[in-house]
Amino acid sequence: MTQMNSIVPQPEFSSFRDVSGKVFTWNGDVYRQINMCYKQKYQHLMSSGLYSMLQKEGILISHVESQIPALTSDAFLVIHPDQVPFISYPYEWCFGQLKTAALVTLMAHKRALEYGMILKDASAYNIQFILGNAILIDTLSFDMYEEGFPWVAYGQFCRHFLAPLFLMSYTDIRLSQLLRIYIDGIPLDLASKLLKGKGGFDALQHIHWHAKATQKYALAGKENTPKKSVKISRFQIQAMIDSLIRIVEKLKMPDVLTEWGNYYANTNYTDLASSEKKGLVASYLAAIKPETVWDFGANDGTYSRLALAEKAKVVAYDIDLIAVERNYSAVKLSHEDMLPLLLDLTNPSPSIGFANKERVSLDQRQRPDCILMLAVIHHLAISNNLPLDMIAQWLHSLCKYLIIEFVPKNDSQVKILLATRDDIFPDYTQNGFENDFIRWFDIIEKNQITGSDRIIYSLKSKNMEV
Amino acid sequence: MYLDPGFGSMAIQLIIACIAGGGTLLVLFRQRIKSFFFKNMKNNTNPGDTGSNDTNE
């Protein structure tokens, strides 16, 4: 969901599949139109006690009924849900986030069944994170339960949640990135091949057998074409949900050591320099007073939390899944206004899906007031050969203010990066950095950290309304 | 002509739901047996226990 301000209602492109309603933005807020065809189901959701139960358990986003005009004439009602600070996608989540999202989806279905409904969509994109909690944001995801009818969203649940969780747990944590290619979840036959029989009886049922059954019934005209429809009792469906909840709860992230997993134990900062850096960043943030902050290279969110102290909403990005996992575990307990996400700065999330508009790129989702980019520039410029001017131009297009740390060549961390390669970066100097960045930014303040040659800059984007 | 590929998910649910349902029944049955014997054992070891709070007497 893009959340750009607009005076006229803007339909949300990604809700085109849903006949029950339409999402749109108006005056900077997201609204949901409910169509006449969904009236009865909505009324059941609200009057049966299901909505109250889901609110009590923090499973479904809350809403109020709105008086603003609907988008189209087939509307029954417009609702104004709580606003999600930042829309994220499952390929940007760590293992813990995907697991929590899966459990929230299953709990929504379990509770729905208790009140005579089902969850008809088990899309991971319907789950978002607010204050560390995973929450279902699609109020129209519920349908009436029909006795004997199997769970229509079971296949989607397995593709969106179980397959990536099993692959991350048993094969490689990086396989969550398959979700970026397969927008409707990882094909189960592919998951089955990659798992190579791993995952025990749980994976055997929900991935391997499931993949075979999907292939078996894919083509009509075969001898095995089913003659009658499948009937499953309510008790069996409830037992299956409970079993799925137990399976997801059991799944664990593998023990892997990553480059950044223990970053703050391996920096070249002294305690004094580290505390001075924190003081500088905090004072820059206090002067800017940002409402929204992105922290690029946030690791466990140590510096992101300085922005929280300024009451900013923070998205803390890191390239390392273990670092994101660690940060998410902390946020899940503290309920801070921070969203840890996976991001490769050299290959940020693109726009994907139908017409390349269903899931939008990172830069279309929000324009933060301030970006923090501490101890990252040398990785982009030296490890990835990105010219400083191009980095400056890109950051200028993203934010209003930038707090950035320049790490010079004589720094021990940069020496490590240059140890195994030719130094083809004659312009990677403090002067070269400033020359390239002042084309796009004005320098508000800069300070060298005592006992180090690193410099922290506070910059303001040129020609931008701030 | 193609069948809805979702039918495979529906069909396999029949098997999976039967396994899950059977498992749940087994667990419930085991709990009942356990509680039956536990009750009997409790009755045998505390024949005079009427459920009153002795410490208050």
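What comes next is a walk through the structure. Bear in mind that the values here come from a model prediction, so they are computed numbers and not experimental data.

This part covers the packing of helix α6 (residues 188-195) of chain A against helix α7 (residues 200-216) of chain A. Between two packed helices, what matters for the description is the angle formed by their axes and the separation of those axes. Residues and elements named next belong to chain A. Closest axis-to-axis distance for the α6/α7 pair is 8 Å, and the angle between their directions is 130 degrees. As the angle between them shows, α6 and α7 are arranged oblique. Considering how the two elements wind past one another, α6 and α7 form a crossing that is left-handed. Contact with α6, carried on its side by Leu188, Asp189, Ala191, Ser192 and Leu195, involves Ala203, His206, Ile207, His208, His210, Ala211 and Gln215 of α7 and no other residues of that element. Taken together, the residues of the contact of α6 with α7 break down into six nonpolar, five polar and one charged.

Let us look at the pairing of strand β5 (residues 75-81) of chain A. All names here are of chain A. Inspection of the sheet shows strand β3 (residues 29-35) paired to β5 by four bridges, in the antiparallel sense. Each residue of the ladder has a partner; that of Ile34, found in β5, is Leu77. Across four bridges, strand β4 (residues 63-66) lies against β5 in antiparallel orientation. Along β5, the bridge assignment pairs Glu65 with Ile79.

This part covers the sheet that holds strand β13 (residues 370-373) of chain A. All names here are of chain A. Here seven strands make up an open sheet; going across it, the order is β12-β11-β10-β13-β14-β16-β15 and the pairing mixed. Strands with a single pairing partner mark the edges of an open sheet, and in this sheet they are β12 (338-342) and β15 (441-448). Ignoring which end each strand starts from, the neighbouring axes of this sheet average 20 degrees apart. Relative to strand β11 (residues 313-318), strand β10 (residues 292-296) runs parallel, the two being bridged by five bridges. Across the sheet, the residue bridging to Phe296 is Tyr317, located in β11. Packing of helix α9 (residues 271-288) onto the sheet brings it into contact with β10, β13, β14 (401-406), β15 and β16 (455-461), and relative to β16 it is tilted by some 15 degrees.

Residues and elements named next belong to chain A. In the structure shown here, the tally under the stated rule is 25 aromatic pairs over all chains. Aromatic side chains Phe296 and Trp394 sit 5.8 Å apart centroid to centroid with 10 degrees between the ring planes, which places their arrangement in the stacked category. Residue Phe296 is found in strand β10, and its partner Trp394 is found in helix α14 (residues 388-398); the two are separated by 98 residues along the sequence. On the basis of relative accessible area, Phe296 is assigned to the buried category, the value being 1%. Joined through ring pairs, the aromatic side chains of Phe406, Tyr428, Phe433, Phe437, Phe441 and Tyr457 make up one cluster. Over the face of the ring belonging to Tyr303 we find Lys277, whose NZ or CZ atom lies 4.8 Å from the ring centre. In this structure, Arg359 packs its charged tip against the face of Tyr125, placed 4.0 Å from the ring centre.

On to the side chain of Arg32 of chain A, then. Residue and element names in this part refer to chain A. The topology assignment puts Arg32 in strand β3. On the basis of relative accessibility, which here comes to 8%, the residue Arg32 falls in the buried class. A polar contact is formed between the side chain of Arg32 and the backbone oxygen of Ile137, at a distance of 3.1 Å. Non-local contacts of Arg32, meaning those with residues more than four positions away in its chain, are made with Lys22, Val23, Leu77, Val78, Ile79, Pro81, Ile137, Asp138, Thr139 and Leu140.

Moving on to the pairing of strand β8 (residues 133-136) of chain A. Residue and element names in this part refer to chain A. The pairing of strand β7 (residues 127-130) with β8 spans four bridges and is classified as antiparallel. The residue bridging Ile130 from the neighbouring strand is Asn133, located in β8. With antiparallel pairing between neighbouring strands as the criterion, β7 and β8 make up a hairpin whose turn holds two residues, including Leu131 at a positive phi of roughly 50 degrees.

Attention now goes to the pattern of salt bridges. All names here are of chain A. By the definition in use, this model includes 20 salt bridges over all chains. Put simply, Asp411 and Arg454 hold a salt bridge, and the shortest N to O gap is 2.8 Å. Linking Asp411 in the loop between β14 and α15 (412-418) with Arg454 in the loop between β15 and β16, this pair joins segments that are 43 residues apart in sequence. The salt bridge partner of Glu434 is Lys446, with a shortest N-O separation of 2.7 Å.

Here the focus is the interface of chain A and chain B. Across the contact, 28 residues belong to chain A and 21 residues belong to chain B. Summing the contributions of chain A and of chain B, the shared interface buries around 2,100 Å²; its carbon and sulfur component is 77%. A per-residue breakdown of the area chain A buries against chain B is headed by Tyr217, Val230 and Phe235 of chain A, which together make up 22% of the total. Summed over the shared surface of chain A and chain B, the result is zero salt bridges. The interface formed by chain A and chain B contains two residue pairs in polar contact (both at pLDDT 80 or more). For the side of chain A that touches chain B, the secondary structure elements donating two or more residues are α4 (154-170), α7 and α8 (234-250) of chain A. Ranked by the residues each element gives to the side of chain A that touches chain B, the list is headed by α7 of chain A, at seven residues. Tallied by class, residues from the side of chain A that touches chain B come to 18 nonpolar, eight polar and two charged.

About the thresholds
- Residues numbered from 1 in each chain as written.
- Chains lettered and ligands numbered in written order.
- Predicted model: local features only at pLDDT ≥ 70, side-chain atom pairs only at ≥ 80, totals over all residues.
- Heavy atoms only, no water.
- Axes fitted to C-alpha atoms, helices over the stretch in contact; angles between N-to-C directions.
- Helix = DSSP H or I, 4+ residues; strand = E, 2+ residues; numbered from the N terminus.
- Parallel < 35°, antiparallel > 145°, perpendicular 65-115°, else oblique.
- Left-handed = near helix turned anticlockwise from the far one by under 90°.
- Contact = heavy atoms within 4.5 Å.
- Nonpolar A, V, L, I, M, F, W, Y, C, P; charged D, E, K, R; others polar.
- Pairing = 2+ DSSP bridges.
- Phe/Tyr/Trp six-rings, centres within 6.5 Å; stacked < 30°, edge-to-face > 60°.
- Buried < 20%, exposed > 50% of the residue type's maximum accessible area, 1.4 Å probe, protein only.
- Lys NZ or Arg CZ within 6 Å of the ring centre and 35° of its normal.
- Polar contact = N/O pair within 3.5 Å; in protein donor to acceptor, adjacent residues only side chain to side chain.
- Salt bridge = Lys/Arg side-chain N within 4 Å of Asp/Glu carboxyl O.
- Buried area = accessible area lost by both parts, 1.4 Å probe.

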